[in-house]
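Survey of secondary and tertiary structure
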Amino acid sequence: MLKTPQHYKRENIKQLFKKVLKENTIELAPKSVSMRESFKKDPVTTEVDFRYYHDGEEVSLQQTSAAGLVDCLFTGLRDYYIEEYHSISNIRLLNLLVTPIMSTNKSLIGSDAKVSLDFVVEVRDHDPAEFSVCSRSIIGCITSGTLEVFQFYLNCHKTFVKLREVMSDAEKRNRWDLVQSLMTDLSFLTDVNSYYEKEV
């Protein structure tokens, strides 16, 4: 997969997570997903039971949507986290690109080929962001890709809050050398999303 300038920028921000949050960096990992769709209803209704790990602790979300699996996951995760991490209200899914990688198939019929899934996320007042995942399972791509999007923006928010706390302390101690360094770190985060002062 060709790496873009946006990819490198995001990797630099992930390094900032490690520097600031250390072991408190949020990690989201899928465990299982089960879904049921009723084609007798109009529109088709999707019921999803999604289980994943947040820093090792299992979380279970149940969601119903007339817009499919992707909407269930995005809406469920947004509703679950938005009270504490208000800045995720700025993100919305703009596009979803599915590309089969037929060169990876191993069976005679070719149906086991890997799939590349690109999530294009619109961020209010910022440039769109693209997240890519690859798997032999489309549902696996959707679940892991959705978690990757939320993991990134949750950590952005958490890191921003922590840096503001540290900067406030540095200002009280007249450590303007630290303030300047912290402002540089904050600029990396404000380059990808907006955060409201009243929540900090």
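Coordinates for the structure precede this section.
Residues numbered from 1 in each chain as written. Predicted model: local features only at pLDDT ≥ 70, side-chain atom pairs only at ≥ 80, totals over all residues. Heavy atoms only, no water.

1. Some thoughts on the environment of Ile82
Rules: Secondary structure is summarised from DSSP: a helix means a run of H or I of at least four residues, a strand means a run of E of at least two, and numbering begins at the N terminus for each. Classification of residues uses two cut-offs on accessible area relative to the type maximum, computed with a 1.4 Å probe and protein chains only: under 20% is buried, over 50% is exposed, and between them is partly exposed. Whether two residues are in contact is decided by their heavy atoms, any of which lying within 4.5 Å being enough.
Turning to its location among the elements, Ile82 is positioned in the loop between α2 (69–81) and β4 (91–101). The class for Ile82 is partly exposed, based on a relative accessible area of 23%. Residues Ile82 and Leu154, spaced 72 residues apart in sequence, show a C-alpha to C-alpha distance of 9.4 Å. In contact with Ile82, not counting residues within four places along its chain, are Ile88 and Ser89.

2. With respect to the pattern of salt bridges
Which entries qualify depends on this criterion: Counted as salt bridges are all cases of a side-chain nitrogen of Lys or Arg within 4 Å of a carboxyl oxygen of Asp or Glu.
One pass over the full model with this rule turns up 11 salt bridges. Among the salt bridges present, the one from Glu11 reaches Lys14, with a minimum N-O distance of 3.4 Å. Of the two residues, Glu11 and Lys14 both sit in helix α1 (residues 5–20), 3 residues apart, roughly one turn of that helix. Under the relative-accessibility criterion, Glu11 is labelled partly exposed at 30%. In this structure, the salt-bridge partner of Glu58 is Lys31, at a minimum N-O distance of 2.9 Å. One end of the pair, Glu58, is in strand β3 (residues 57–65); the other, Lys31, is in strand β1 (residues 28–38), and 27 residues separate them in sequence. For Glu58, a relative accessible area of 39% puts it in the partly exposed group. What you see here is one network of salt bridges that share partners, running through Lys31, Asp49, Arg51 and Glu58.

3. Topic: α1
Rules: What a helix should span is 1.5 Å times the count of its residues minus one. Arc, as used here, means the arc of the directions from the helix axis to the C-beta atoms.
Counted at 1.5 Å a residue, the expected span for α1 with its 16 residues is 22 Å, and the 23 Å between its end C-alpha atoms agrees. For α1, the set of buried residues is Arg10, Ile13, Leu16, Phe17 and Val20. All buried residues of α1 fall inside an arc of 105° around its axis, so they share one side. Away from the buried face of α1 by more than 90 degrees, exposed residues Asn12 and Lys18 are located. Contacts from the buried residues of α1 go to β6 (129–135), α3 (138–172) and α4 (176–190). Just downstream of α1, Lys22 is the residue with a positive phi angle, here 55°.

4. Section: the sheet that holds β3
The following threshold applies: In this analysis, strands are considered paired if DSSP registers two or more bridges between them. In this analysis, axes come from line fits to C-alpha atoms, helices being fitted only over the stretch in contact, and the angle between any two N-to-C directions falls in the range 0 to 180 degrees.
Judged by pairing direction, the sheet is antiparallel, and its 3 strands sit side by side in the order β1-β2-β3 without closing on themselves. Of all the strands in the sheet, just β1 and β3 have a single pairing partner and so form its edges. Each strand axis lies, on average, 15° off the axis of its neighbour in the sheet, ignoring direction. Relative to β3, strand β2 (residues 45–54) runs antiparallel, the two being bridged by 9 bridges. Residue pairing in the sheet places His54 in a bridge with Glu57 of β3. The strands that α2 touches are β1, β2 and β3; relative to β3, the one it contacts most, it runs at about 125°. Against the sheet, α3 engages β1 and β2, with an angle of about 130° to β1.

5. With respect to the sheet that holds strand β5 (residues 114–123)
Taken in spatial order, the 3 strands make up an open sheet running β4-β5-β6, and their pairing is antiparallel. Each edge of the open sheet carries a strand with a single partner, namely β4 and β6. Across the sheet, the axes of successive neighbouring strands diverge by a mean angle of 20°, strand direction being ignored. Across 10 bridges, the pairing between β4 and β5 is antiparallel.

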